[in-house]
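Structural overview for review
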Amino acid sequence: MDDLGVVEAFTPARVHEAIQAAREAQGAWRKSTWEERRHLMRTMLRCLTDNMDAIVRVACRDSGKTKVDAMLGEVLTTCEKLRWLEKSGERWLKPEKRESGLLNLHKTSRVEFHPVGVVGAIVPWNYPFHNVFNPLTAALFAGNAIVIKTSEYASWSTKFYGRLIDLCLQAAGAPRNLVQIVTGYGEAGEALITGGADKIIFVGSVQVGRKVQEACAKTLTPLVLELGGKDPFVICEDASPKAIEQLACRGVYQNMGQNCAGPERFLVYEGVYQEFCDRVSKIVHDMRQGPTLSSDFVDCGAVRLPSHLKHLQDLVDDAVKHGAKLVAGGFIPKKPSRLAEGQFYPPTILSDVTEDMKIMKEEIFGPIMCIVKIKNNSDQEAIRIANNCEFALSSCAFSGSKQRASKLVSSMQAGMGSVNDLEGTTYLSQSLPFGGCKSSGYDRFAGPEGLRGLCHIKSVVEDRFVFHGGPFLAMPAQVTYPSSGQGPGFCKALIKIMYGYSLMDRVKGVMEIIEWSVKRPKNDQELPTASQDREENAKSK
């Protein structure tokens, strides 16, 4: 196996230098105009479309994916994100007018969105190009700088992608140090979290995500966690297996199943169970696997991590041991097979899978389709099994009735859902937030929610009219200092006027507020003033 090259393993000190360089660059960029930010997005989009063949080749070399997998998952999704930001980003970051309320009718109210400063992103290896550009584009459009720590399993490609980013920044007239790419191991990621970044985005495993959360808690650094999923793919008995078969295979075998949001549990109703199994089996037996840059006819590439092959095989062996049927694949290639020279695992199908099997509980992150039979074509049973999982990232459901499929999607616990389509289609709508719940993480990236999440949110009120440089309406005398004794009665009357249940309640409030505006209660207790208390205290000394 050929070496791709060597990159720097950043020390904590080097990471801190990168954060400081980004912070200095962000000081100028935070003042950039919307048109300057749109121009940067357009520049990046043109760079992608002009250089997509090179981008794809580098992604394939660094991750083992096929060219189609790279075109769909690396380039196409990034282009759509850039298009949405350029077209709609300003709309969601401009000051937003809000209702002022009854007591502030003389004022205007708005929400402002200010850049947080320096965003830190720790991203995985499964999409080496998109995982860099996804947080980068949103952070820059929001007026931030960004420091990105890439996986040690996808660092070689950053040399090329980093040069593209530098050229885009230069061409758009943006500060050069606005984007910093950090390579290395765990200590580099920890230094990014603890080194002063203003917000952290982490995409990775649950185990590491918990450690990131603990580190962020020490400095109260806000955090986005995207920790993967085990998405259900529901097929009702009135759906068409023929219409679904290619979507199902693309969902589970795209990028060799190494996707955060991708189907891992196929819940197929009894009425179409055998037909679906037969159809996907035929497709898989005709698929081709091998080195992905050698031919455009390769359907499946390699598994990125060498150690992951054993994990996949253990899951398959356990499922078969407990009664699952191995329909296709399910083995690690050995010599003299041509696939034994690489990190290949064949596209695999398991049928008759049950809830108690390990493969239904642990994230697979590989090219294995697990098919569960839903007896009696029961929607309730499908929902129960779908929700019986610690992950809740995405979901989808297929039915001849759009209403039924929509109801199923709404009933499944997940951050995203698709009706009569693959769950990944939500990511093609970049106006939608991306993220999950339960062990799939929290907070969001993408969409208005993700874009605004990269900002400090400030609430502002101001007078509608200018009045001699001061407030348009003065504080009512009844609640000014020192107390006249009118305050409690005046406030009670005011609340009745504004929020009284009936018209009569409000009329009573008007009468009472008039009364308390002229009524002067007597200070029976003759409470001393603050100055009198001070004099009394001085005497006691």
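Every value quoted in this text rests on a predicted model; they were computed, and no experiment measured them.

Quick notes on the UniProt feature "active site" (unreviewed entry) in the chain
Per the UniProt annotation, the sites labelled "active site" (unreviewed entry) are E226 and C260. Considering the C-alpha atoms alone, the annotated residues occupy 35 residues of sequence yet fold into one spot, their largest mutual distance being 8.2 Å. Position of E226 among the secondary structure elements: in strand 7 (residues 223-226). What makes E226 buried here is its relative accessible area of 3%. Among all residues touching E226, those that are not within four sequence positions of it are F202, V203, G204, C260, L393, F434, S440 and F445. Note on placement: C260 falls in the loop between helix 9 (241-253) and strand 9 (263-269). Residue class for C260 comes out buried when judged on its relative accessible area of 16%.

Section: the pattern of salt bridges
Applying the stated criterion across every chain, the model contains 32 salt bridges. With a closest N to O distance of 3.8 Å, E152 and K149 form a salt bridge. In this structure E152 comes out as partly exposed when scored by relative accessible area, which is 38%. With a closest N to O distance of 2.9 Å, E381 and R384 form a salt bridge. One end of the pair, E381, and the other, R384, are both in helix 12 (residues 379-387), three residues apart, so they sit about a helical turn from each other. What makes E381 partly exposed here is its relative accessible area of 27%. R384 gets classed as partly exposed once you look at its relative accessible area, which sits at 39%.

Points about the sheet that holds strand 1 (residues 96-98)
Taking strand neighbours across the sheet as the criterion, the three strands line up as 1-2-18 in an open arrangement whose pairing is antiparallel. The sheet terminates laterally at strand 1 and strand 18 (455-463), the two strands that pair on one side only. Across the sheet, the mean angle from the axis of one strand to that of its neighbour is 30°, orientation sign disregarded. In the sheet, strand 1 pairs with strand 2 (residues 107-115) via three bridges, with the strands oriented antiparallel. Opposite K97, over in strand 2, you have R110 as the bridge partner.

Some points on the pairing of strand 5 (residues 179-182)
As a general feature of sheets, a regular strand has side chains that alternate between the two faces. Residues of strand 5 alternate between two faces, with V179 and I181 on one and Q180 and V182 on the opposite face, all of them buried. Both strand 4 (residues 145-149) and strand 5 contribute to a ladder of four bridges, which runs parallel. Across the sheet, K149 pairs through a bridge with V182, a residue of strand 5. Read as a crossover between parallel neighbours, the route from strand 4 over helix 6 (residues 158-172) to strand 5 is right-handed.

What about the packing of helix 2 (residues 34-50) against helix 4 (residues 67-93)?
The interhelical angle for the contact between helix 2 and helix 4, taken along N-to-C directions, is 170°, at an axis separation of 9 Å. Judged on the interaxial angle alone, helix 4 and helix 2 are roughly antiparallel. Of helix 4, the residues touching helix 2 (which contributes W34, R38, M41, R42, M44, L45, L48 and T49) are V75, T78, C79, L82, L85, E86, E90 and L93. Across the contact of helix 2 with helix 4, the residue classes tally to ten nonpolar, two polar and four charged.

Remarks on empty space enclosed by the protein
According to the stated counting rule, one finds one cavity of 30 Å³ or more in the structure shown. Lining the largest cavity we find G251, V252, G257, N259, G262, P263, E264 and G366. Where the lining of the largest cavity is concerned, the elements lending two or more residues are helix 9 and strand 9. Considered class by class, the residues forming the lining of the largest cavity number two nonpolar, five polar and one charged.

Quick look at the packing of aromatic side chains
The full count for this structure, using the stated rule, is ten aromatic pairs. Taken together, a centroid distance of 5.7 Å and an interplanar angle of 90° make the contact between W125 and F365 edge-to-face. Highlighted residues: W125 in the loop between strand 3 (118-122) and helix 5 (130-141) and F365 in the loop between strand 11 (348-351) and strand 12 (368-374), separated in sequence by 240 residues. Owing to a relative accessible area of 12%, W125 belongs among the buried residues under this scheme. You can call F365 buried: its relative accessible area is 14%. Here a set of aromatic residues connected by ring pairs shows up, and it is made of F129, F133, F160 and Y161. The ring centre of W34 lies 4.9 Å from the NZ or CZ of R37, which sits over that ring. The lysine or arginine in question, K519, covers the ring of W516, its NZ or CZ lying 4.5 Å from the ring centre.

Structural notes on the environment of H456
Checked against the element boundaries, H456 lands in strand 18. Using a relative accessible area of 46% as the deciding quantity, one classes H456 as partly exposed. Counting along the chain gives 340 residues from H456 to V116, while the straight-line C-alpha distance between them is 5.5 Å.

Notes on the nonpolar core
L136 and L140 are the most contacted members of the largest nonpolar core, which totals 85 residues. Each of two domains, domain 1 (32-227 + 448-459) and domain 2 (231-430), supplies a minimum of three residues to this core. If you look at the next biggest cluster of nonpolar residues, it comprises 31 residues, including C300, V316, A324 and I368.

Overview of helix 10 (residues 273-285)
The terminal C-alpha atoms of helix 10 lie 18 Å apart, and with 13 residues this matches the ideal 18 Å at 1.5 Å per residue to within 8%. Buried within helix 10 are the following residues: Y273, F276, C277, V280, S281, I283 and V284. Buried residues of helix 10, seen end-on, are gathered within an arc of 160° and therefore sit on one face of the element. Turned more than 90 degrees from where helix 10 packs its buried face, K282 and H285 sit exposed. Contacts made by the buried residues of helix 10 are with strand 8 (231-235), helix 9, strand 9, strand 10 (325-328), strand 11 and strand 12.

Rules used in this analysis
Residues numbered from 1 in each chain as written. Predicted model: local features only at pLDDT ≥ 70, side-chain atom pairs only at ≥ 80, totals over all residues. Heavy atoms only, no water. UniProt positions renumbered as here; feature names shortened; annotations may be inferred. Helix = DSSP H or I, 4+ residues; strand = E, 2+ residues; numbered from the N terminus. Buried < 20%, exposed > 50% of the residue type's maximum accessible area, 1.4 Å probe, protein only. Contact = heavy atoms within 4.5 Å. Salt bridge = Lys/Arg side-chain N within 4 Å of Asp/Glu carboxyl O. Pairing = 2+ DSSP bridges. Axes fitted to C-alpha atoms, helices over the stretch in contact; angles between N-to-C directions. Right-handed = clockwise from strand over helix to strand, strands pointing away. Parallel < 35°, antiparallel > 145°, perpendicular 65-115°, else oblique. Nonpolar A, V, L, I, M, F, W, Y, C, P; charged D, E, K, R; others polar. 1 Å grid on protein atoms, 1.4 Å probe; cavity = no way out; pocket = protein on both sides within 12 Å on 5 of 7 lines; lining within 4 Å. Points joined across faces, edges and corners; volume = space filled by probe spheres on them. Phe/Tyr/Trp six-rings, centres within 6.5 Å; stacked < 30°, edge-to-face > 60°. Lys NZ or Arg CZ within 6 Å of the ring centre and 35° of its normal. Core = buried A, V, L, I, M, F, W, Y, C linked by side-chain atoms within 4.5 Å. Domains from an automatic or database assignment. Expected span 1.5 Å × (residues − 1). Arc of directions from axis to C-beta.

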